[in-house]
Amino acid sequence: MKILAVSTWFPYPPDNGSKMRAYHLLRHLGERHRLDLLAMRQSDDDLIHLDRVRAFCRRVNTYREPEFRPSGLGGIAAFFSPVPRYFQAHHSPGLDAELREWSWGEQYDAIIAVTLGAAPYVAPLRTFARKILDEHNVESQVIKRRSREERSLLTRLRYLPTWVKAESYERMLASRFDAVSVVSEQEQDLFRALLRGGKPISAVIPNGIDPALLEYHGTARESDLLIFTGALSYGPNRDAAECLCRDILPLVRRHVPRAKLRITGRVSDADREAFASLDSAVELTGYVDDVRPCIASASVMVAPMRLGGGTRLKILEAMGLGTPVVTTRMGAEGIPVTDGRDILLADTPEEMAGAVIRILRDPATAEEIGRNARELVRERFQWPAIAAEFERLVCG
């Protein structure tokens, strides 16, 4: 088959959840079909890795992601548009024009929009190609959930027009695809509700891990070390990290004074100062090329996720490395875990601190939970099998 993919993420290096998913799904397709890729790049540094992507793509071109400026006259005008401000601000006319040129010049069998952000480029195309949307989250429902969790009535009311507009726009876009992939059964239920019984078909294509992760045994565990992974520039990660430092870690240290927290991921100088002021036992490593040693050396992964959606790859990675995970029920969405067997679930800072203390004080329980988690991931969440299922969806 001849396949064209449009992605809002340049897929290499696969160092965040969206890029990991794009990389593994597209690489599988590129190794078996003729694949072309148009992608946004978040930094010009991405150009260093073009050859890595050309290894499985016939043609690749990238466009710099426009900077999002939510304020100003553009923001005021966007309020009256049916298109959410985020999509207007991130639109790339160059990518749009080249996509139309490529789609007219080639008889593609399938065109894939990788994330909802790519859907506005692909949805309007007049083509006989099968159009596929890979939804990492049902985005309008993420906004709806966020609005419901706000304590202030005024803030919730401010979210209302944003959510209504996002839901209408997402429904319109999705209806113009032949098939949509989502990451979990929960997301599929949300997507079906969004479409109100209309087309297109949807399929669950979960997130996964690289099989090599399951064989990683390179680092001894440090006692009383908590780990949290993820760039603090991403709102749900920042919220979780702040909750962990401010509300959970102090409770843990009352019972385990030597407990310390390591946070990996891109971080600004301002963030370093802000988080250092929360607790002296917090270490921010910044970006690391290989996160496996950080996770594998920790006593426990703690992820108090309260925002966002989809399936958290950080959770799957820790499970695959056998590191016990303590997270919220939201954090574990999309993963068929059993509380107390392969994970510990808690939704309040007090409950989460108690679960962490249990792991730190009971090595036998920690080892059993880590072992069971690794086996669950081994059986159900490896990228080769997942990508093969995605290929079947694309091929129709």
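Values in this document were obtained by computation on a predicted structure and should not be read as measured data. In this convention, every chain numbers its residues from 1, walking through the sequence in written order. With the structure being a predicted model, the display of local features is reserved for residues of pLDDT at least 70 and the display and counting of side-chain atom pairs for 80 or more, all residues being used for whole-chain, interface and lining totals. Based on all heavy atoms of the structure, the side-chain values leave hydrogens and waters out of the count.

### Things to note about the side chain of glutamate 106
Phase 1 of the analysis: Helix and strand labels come from DSSP, where a helix needs a run of H or I of at least four residues and a strand needs a run of E of at least two; each type is numbered from the N terminus. Along the chain, glutamate 106 falls in the loop between helix H5 (93-105) and strand E4 (110-114).
Phase 2 of the analysis: Pairs of N or O atoms are called polar contacts if they sit within 3.5 Å, as long as, within protein, a hydrogen donor faces a hydrogen acceptor (for residues adjacent in sequence, only side-chain-to-side-chain pairs). For glutamate 106, the side chain forms a polar contact with the side chain of lysine 2, separated by 2.8 Å.

### With respect to empty space enclosed by the protein
Phase 1 of the analysis: Using a 1 Å grid laid over the protein atoms alone, points where a 1.4 Å probe fits but cannot get out form a cavity; open sets with protein on both sides within 12 Å along at least 5 of 7 lines form a pocket; any residue with an atom within 4 Å of a point counts as lining. Grid points are joined across faces, edges and corners, and a volume is the space filled by probe spheres set on the points. What the rule picks out here adds up to one cavity of 30 Å³ or more.
Phase 2 of the analysis: In this structure, the largest cavity is lined by Arg21, Ala22, Leu25, Leu26, Ile112, Val114, Asp134 and Phe390.
Phase 3 of the analysis: Those elements that place two or more of their residues in the lining of the largest cavity are helix H1 (17-30) and E4.
Phase 4 of the analysis: Ranked by the residues each element gives to the lining of the largest cavity, the list is headed by H1, at four residues.
Phase 5 of the analysis: In this classification, the charged set is Asp, Glu, Lys and Arg, the nonpolar set is Ala, Val, Leu, Ile, Met, Phe, Trp, Tyr, Cys and Pro, and all remaining amino acids, among them Gly, are polar. The class makeup of the residues in the lining of the largest cavity is six nonpolar, no polar and two charged.

### With respect to the pattern of salt bridges
Phase 1 of the analysis: Salt bridge, as applied in this entry: a Lys or Arg side-chain nitrogen positioned within 4 Å of an Asp or Glu carboxyl oxygen. One pass over the full model with this rule turns up 27 salt bridges.
Phase 2 of the analysis: One salt bridge in this structure joins arginine 27 and glutamate 31, with 3.9 Å as the shortest N-O distance.
Phase 3 of the analysis: Any residue under 20% of the maximum accessible area for its type is buried, any over 50% is exposed, and the rest in between are partly exposed; the area is computed with a 1.4 Å probe on protein chains only. Given the relative accessible area of 29%, arginine 27 is considered partly exposed.
Phase 4 of the analysis: A relative accessible area of 52% places glutamate 31 in the exposed class.
Phase 5 of the analysis: The salt bridge involving arginine 58 is made with aspartate 36; its shortest N-O contact spans 2.7 Å. Taken together, the residues span a long stretch of sequence, with arginine 58 in the loop between helix H2 (50-54) and strand E3 (59-64) and aspartate 36 in strand E2 (residues 34-41) at a distance of 22 residues.
Phase 6 of the analysis: Residue classification places aspartate 36 among the buried positions, given a relative accessible area of 0%.
Phase 7 of the analysis: Through salt bridges with shared partners, one network takes in Lys2, Asp36, Arg58, Arg59 and Glu106.

### So, the sheet that holds strand E9 (residues 260-264)
Phase 1 of the analysis: The strand order across the open sheet formed by six strands is E10-E9-E8-E11-E12-E13, and the pairing between neighbours is parallel. For this open sheet the edge positions go to strand E10 (282-286) and strand E13 (344-345), each flanked by a neighbour on one side alone.
Phase 2 of the analysis: Of the pairings in the sheet, the one linking strand E12 (residues 325-327) to E13 comprises two bridges and is parallel in character. Pairing of valine 326 across the sheet is with leucine 344, part of E13.
Phase 3 of the analysis: Pairs of residues are marked as contacts when any of their non-hydrogen atoms sit within 4.5 Å. Between N-to-C directions, angles cover 0 to 180 degrees, with each direction set by a line fitted to C-alpha atoms, over the stretch in contact for helices. Sitting on the sheet, helix H11 (residues 269-276) is in contact with E9 and E10, with an inclination near 165° to E10. By definition, two strands form a pair when at least two bridges between them are found by DSSP.

### Remarks on the environment of proline 363
Phase 1 of the analysis: For proline 363, the location among the structural elements is in helix H15 (residues 363-380).
Phase 2 of the analysis: Its relative accessible area of 58% is what places proline 363 among the exposed residues.
Phase 3 of the analysis: Along the chain, proline 363 and tyrosine 108 lie 255 residues apart, while their C-alpha atoms are 55 Å from each other.

### Remarks on the environment of aspartate 36
Phase 1 of the analysis: C-alpha separation for the pair aspartate 36 and alanine 118, spaced 82 residues apart in sequence, amounts to 15 Å.
Phase 2 of the analysis: Residues in contact with aspartate 36, not counting those within four places in the same chain, are Ile3, Leu4, Ala5, Arg58, Arg59, Trp102 and Tyr108.
Phase 3 of the analysis: A polar atom in the side chain of aspartate 36 sits 2.5 Å from the side chain of tyrosine 108.

### Thoughts on the sheet that holds E3
Phase 1 of the analysis: Sheet architecture is open: seven strands sit in the order E3-E2-E1-E4-E5-E6-E7, paired in parallel fashion. For this open sheet the edge positions go to E3 and strand E7 (201-204), each flanked by a neighbour on one side alone. Direction aside, neighbouring strands of the sheet carry axes that sit 20° apart on average.
Phase 2 of the analysis: Direction of pairing for strand E5 (residues 130-134) relative to strand E6 (residues 179-182): parallel, over a ladder of three bridges. Its bridge partner lying in E6, leucine 133 is registered against valine 180.

### Regarding the packing of helix H10 (residues 235-255) against helix H14 (residues 349-361)
Phase 1 of the analysis: Close contact between H10 and H14 brings their axes to 9 Å; oriented N to C, the two are set at 45°. Relative to H14, H10 is oriented oblique. For the pair H10 and H14, the crossing hand works out as right-handed. Contacts from Asp247, Ile248, Leu251, Val252 and His255 in H10 reach Pro349, Glu350, Met352, Ala353, Val356, Ile357, Leu360 and Arg361 in H14.
Phase 2 of the analysis: For the contact of H10 with H14, the per-class residue count stands at nine nonpolar, one polar and three charged. Any angle that is under 35 degrees is reported as roughly parallel, and any over 145 degrees as roughly antiparallel; angles of 65 to 115 degrees are reported as roughly perpendicular and all others as oblique. By the definition used in this description, the sense in which the near helix is turned from the far one sets the handedness, with an anticlockwise turn below a right angle giving left-handed and a clockwise turn giving right-handed.

### Observations regarding the packing of H1 against helix H16 (residues 383-395)
Phase 1 of the analysis: Interhelical geometry of H1 versus H16 gives an angle of 65° and a closest axis separation of 9 Å. It follows that H1 is roughly perpendicular to H16 by the angle criterion. Seen from above, H1 lies across H16 with right-handed handedness. Residues Met20, Arg21, His24, Leu25, His28 and Leu29 of H1 form the contact with H16, whose participating residues are Trp383, Pro384, Ile386, Ala387, Ala388, Phe390, Glu391 and Val394.

### Digging into H10
Phase 1 of the analysis: How far a helix is expected to stretch is found by multiplying one less than its residue total by 1.5 Å. The end-to-end C-alpha distance of H10 is 30 Å, a good match for the 30 Å that 21 residues give at a rise of 1.5 Å each.
Phase 2 of the analysis: Consider a residue and the seven residues that end there alongside the seven that start there; fitting an axis to each set, the bend is the angle between those axes. Considering bend angle alone, the principal kink of H10 is centred on isoleucine 248 and spans about 45°; proline proline 250 follows within four residues of it.
Phase 3 of the analysis: Restricting attention to buried positions, one finds in H10 the residues Pro236, Asn237, Asp239, Ala240, Ala241, Cys243, Leu244, Cys245, Ile248, Leu249, Leu251 and Val252.

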